[in-house]
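So the chains spell out like this:
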Amino acid sequence: MILRTHGLAKHFPIRDFLGRVEGQVRALDGVTLTLPEGKTLGIVGESGCGKTTLARTLLGLEAPTAGSVELGPALADGLARDRLEELRLGDLRRLRRRIGVVFQDPLGALNPRMLVKDLVTEPLVIHGQTRGLRDRARELLELVGLNPDHLYRFPHQFSGGQRQRIVIARALALEPQLLVLDEPTSALDVSVQAQILNLLQQLQRRLGLSFLFISHDLAVVKHMCDRVAVMYLGRVVEEADAAQLFANPRHPYSQALVSATPELDPARRQARIVLEGDVPSPAAPPSGCHFHPRCPIAVDNCAVEYPELREGDGCAVACHLV
Amino acid sequence: MLRVENLVTRFHTYDGVVRALEGVSFEVREGEIFGLVGETGCGKSVTTYSTLRLLPSTGRVHSGRITLSGESLLDASESRMREVRGGEIAMIFQDPLSALNPVMRVGDQIAESVWLHDDLPDADAVAVRVEEVLGEVRMPDPAGAARAFPHELSGGMQQRVMIAMALAGRPKMLIADEPTTALDVTIQSQVLQLLRQLKQEAGLTVLLITHDLGVVAELCDRVAVMYAGTIVETAPVEELFSDPKHPYTQGLLAALPGASETLAPVPGRVPDLLAPPSGCRFHPRCPLAVDRCRAEAPELRGDTRQVACHEVEP
Ligand SMILES: Nc1ncnc2c1ncn2[C@@H]1O[C@H](COP(=O)(O)OP(=O)(O)OP(=O)(O)O)[C@@H](O)[C@H]1O
Ligand SMILES: Nc1ncnc2c1ncn2[C@@H]1O[C@H](COP(=O)(O)OP(=O)(O)OP(=O)(O)O)[C@@H](O)[C@H]1O
Ligand code: SF4
Ligand SMILES: [Mg+2]
Ligand SMILES: [Mg+2]
């Protein structure tokens with residue numbers, strides 16, 4: 001285990017025009033999951049279900065409203081505490097070196113006026129390193145399959161796939177244990193996406209990294225991940241081995257999600273589970289099980305009582321009927 | 001129904017001439033869903049803008065023919081084109097919110113399309129027709145939706161409204177440019193199901209533009225694969241996936257997660273259309289390329305299956 005969350009919650013206040021709090025967006029509403037060491041945990045779910053907020057909270061960029069993040073030995077090594085929310089500033093900075101991140105927005109990620117050399121070594125500079133930056137930059141470019149002679153170029157001189165390699169190189173600058181990847185290939189074409197996914201797998205093998213891999217593309221998640229957590233409106237509804245989740249999803253929402261994913265083989269076009277309605281707003285989530293208004297098998301109790309995430313034979317499901 | 005032949009479209013920009021389309025040919029048959037698939041910048045949208053004569057002033061159709069049920073669209077008058085757009089051919093776009101008027105009720109926006117293309121006696125008849133089309137797109141509460149403003153509806157509902165507006169003029173054909181790209185998977189699957197139903201029940205002809213091969217596999221009858229401004233392959237959808245012929249199509253499928261254990265990226269990158277490669281535009285990335293590929297552009301050959309490649313038979 002590299003990291004484990006217990007009932008992690010993050011609520012954002014909604015303010016009216018006078019600045020008074022009139023409600024809460026429950027972006028994370030009690031997330032419990034385990035990230036295995038040296039493996040890839042996928043987080044899937046639709047827009048607004050809290051994937052990015054989860055990443056930001058694990059990185060210490062958002063303070064959780066409730067719940068706890070337990071750090072495994074690889075991350076907690078040498079720190080005073082092994083709970084993220086109890087860390088002091090100095091320890092928090094040390095922890096930040098151990099977790100690299102590739103964020104969703106591909107255009108905003110690279111300052112267009114900075115040279116590649118400065119972009120990839122920026123994290124080192126932030127952490128006070130001043131020497132050997134050029135050599136480290138060359139190493140990093142080589143690591144991600146870019147030409148190390150291109151140190152003195154600007155981001156616009158690279159293609160989309162190459163820019164994503166630069167972002168990954170920068171995330172690796174501080175030799176992290178854990179890489180948080182928030183939709184790392186969503187903005188890329190399939191032929192380029194394949195290059196980046198292959199690169200990530202190579203890096204994981206070579207450097208023994210653990211990945212938290214966020215994506216809404218189930219085919220990509222199936223290809224990349226060892227375990228998968230399915231989120232719906234700020235909660236994990238199912239966590240299981242990837243192979244099991246895709247072959248035999250348990251939670252009705254996971255079933256719908258897997259079923260809604262277009263099949264690549266036209267001969268296997270099948271009857272889809274088409275869910276009624278839309279994803280509700282996390283500012284006013286439905287009572288009981290958040291999924292009940294769209295759930296094809298819901299019973300009366302689903303609207304009343306929240307189903308806890310229950311574990312059993314290697315997977316966890318939050319549903320009264322499963 | 002719609003036939004595009006040897007379409008060549010170019011943009012004249014400060015940097016030079018962008019050779020966006022170089023001899024694009026395909027045919028959409030009545031009652032089918034025809035897919036046009038390819039990666040970013042390959043010319044899918046330019047193809048539809050050329051067809052509807054909506055190119056910006058820098059863009060020009062240099063040569064080619066476009067016929068709708070036998071009528072040449074490139075020779076049609078501007079007033080005739082206004083009838084065609086929204087009348088015979090309706091369009092829906094990727095981002096529904098940007099295409100809807102934010103300060104106008106949804107029902108009134110649909111009513112505009114109805115007035116424009118339908119001869120109805122009075123406002124009541126129009127209102128009935130508006131609710132009817134909202135029902136056709138399976139809007140849960142058609143009357144309520146008609147009174148709503150666009151921002152009050154979710155992304156999936158907004159896309160339904162777009163489709164309702166498109167259907168209001170009773171078009172023969174719908175051009176849908178990335179209709180589900182901005183939507184979540186479960187909502188995407190609602191919209192795909194709706195398009196399928198409209199085809200089956202109303203016999204709607206659809207030209208579906210997408211970069212998503214999953215959507216193609218799910219929905220289309222026939223499909224054309226585009227690469228750098230050219231059509232490289234056309235096939236019935238099952239055959240495209242079971243037996244891709246063009247080296248680019250093969251590369252694209254091998255790069256797709258889910259197809260095999262290891263992903264095989266297509267080497268190299270998409271060419272700059274300011275200075276596209278000579279001969280076959282795919283030759284710098286092609287594993288089969290021979291000298292002839294550098295010199296001569298391959299023609300799209302074949303009948304039910306068409307391939308543009310010197311080294312592969314259709
Ligand atoms: N700083 C913030 N203030 C207020 N609300 C926020 C903030 N950040 C996120 N939210 C809300 O929290 C919810 C979850 O957002 P989040 O970005 O985590 O979703 P996501 O799963 O990453 O979605 P996507 O797939 O679109 O990236 C959303 O409703 C969002 O509007
Ligand atoms: N107004 C314009 N001026 C110059 N070049 C243009 C213009 N519009 C499009 N192009 C070029 O024409 C080519 C085809 O563009 P098009 O928008 O048709 O691509 P697309 O296949 O629709 O891509 P996407 O999947 O990103 O929508 C691109 O290389 C693009 O840069
Ligand atoms: S024509 Fe030549 S370069 Fe083009 S795809 Fe065929 S073999 Fe490859
Ligand atoms: Mg996000
Ligand atoms: Mg386009």
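As the structure is a prediction and not an experimental result, all values here were calculated from the model. Residue positions are given per chain, counting from 1 as you read along its sequence in written order. Labels follow written order: the first chain is A, the first ligand is 1, and so on. Under the rules for a predicted model, residues below a pLDDT of 70 receive no local features and side-chain atom pairs below 80 are neither given nor counted, while totals for whole chains, interfaces and linings still include all residues. Side-chain measures were taken over the full set of non-hydrogen atoms in the model, leaving aside hydrogen atoms and water.

In this section: the domain arrangement of chain A. Residue and element names in this part refer to chain A. In terms of domains, chain A is made up of domain 1 (3-98 + 176-317) and domain 2 (106-175). Where each domain starts and ends comes from a domain assignment, either automatic or drawn from a database. Placing a centre on the C-alpha atoms of domain 1 and another on those of domain 2 gives a separation of 28 Å. Residues are treated as being in contact if the distance between any of their heavy atoms lies within 4.5 Å. Each side of the interface is counted separately: domain 1 has 17 residues, and domain 2 has 14 residues. By convention, the term buried area covers the 1.4 Å-probe accessible surface removed from two parts as they join, with the contributions of both added. Where domain 1 abuts domain 2, roughly 1,400 Å² becomes buried across the two surfaces, and 67% of that area is made up of carbon and sulfur atoms. When the area that domain 1 buries against domain 2 is broken down by residue, the three leading residues are Arg97, Pro176 and Leu199, summing to 36%. Salt bridges are identified by distance alone: a Lys or Arg side-chain nitrogen within 4 Å of an Asp or Glu carboxyl oxygen. Scanning the region where domain 1 abuts domain 2 turns up 0 salt bridges. In protein, a polar contact means a hydrogen-donor-capable atom and an acceptor-capable atom, both N or O and within 3.5 Å, with residues adjacent in sequence counting only if both atoms are side-chain atoms; elsewhere, any N or O pair within 3.5 Å suffices. One can count 3 residue pairs in polar contact (both at pLDDT 80 or more) joining domain 1 with domain 2.

All names here are of chain A. Here's how the labels work: a residue is buried when its accessible area is under 20% of the maximum for its type, exposed when over 50%, partly exposed in between, all with a 1.4 Å probe on protein chains only. We count a stretch as a helix when DSSP gives it H or I for four or more residues in a row; a strand needs E for two or more, and each element gets its number in order from the N terminus. Of all 5 residues in strand 7 (residues 210-214), 5 are buried, a share of seventy percent or more. Where strand 3 (residues 40-44) and strand 7 come together, 4 bridges link them in parallel fashion. The residue of strand 7 that forms the bridge with Ile43 is Ile214. Criterion used throughout: strands pair if DSSP finds at least two bridges between them. Pairing analysis gives 5 bridges linking strand 6 (residues 178-182) to strand 7, with the strands arranged parallel. By the bridge assignment, Leu178 is partnered in strand 7 with Ser210. A crossover counts as right-handed when, viewed with the strands pointing away from the observer, the path leading from the first strand over the helix to the second turns clockwise. Read from strand 6 through helix 7 (residues 190-207) to strand 7, the crossover connection turns out right-handed.

The rolling of a water-molecule-sized probe over the atoms marks out the regions of remaining empty space. Think of a 1 Å grid over the protein atoms and nothing else: a 1.4 Å probe that fits but is trapped marks a cavity, an open set flanked by protein within 12 Å on at least five of seven lines marks a pocket, and residues with an atom within 4 Å of a point count as lining. Grid points are joined across faces, edges and corners, and a volume is the space filled by probe spheres set on the points. Taken as a whole, the second largest pocket holds about 810 Å³ of empty space. Lining the second largest pocket are 25 residues, with Ser159(A), Gly160(A), Gly161(A), Arg269(B) and Val270(B) sitting closest to its centre. Within the residue set of the lining of the second largest pocket, elements represented by two or more residues are helix 6 (160-172) and helix 7 of chain A. Top element by residues in the lining of the second largest pocket is helix 6 of chain A. It accounts for 7 residues. Three categories are distinguished: nonpolar for Ala, Val, Leu, Ile, Met, Phe, Trp, Tyr, Cys and Pro, charged for Asp, Glu, Lys and Arg, and polar for the others, with Gly belonging to the last. Residue classes in the lining of the second largest pocket are distributed as 9 nonpolar, 10 polar and 6 charged.

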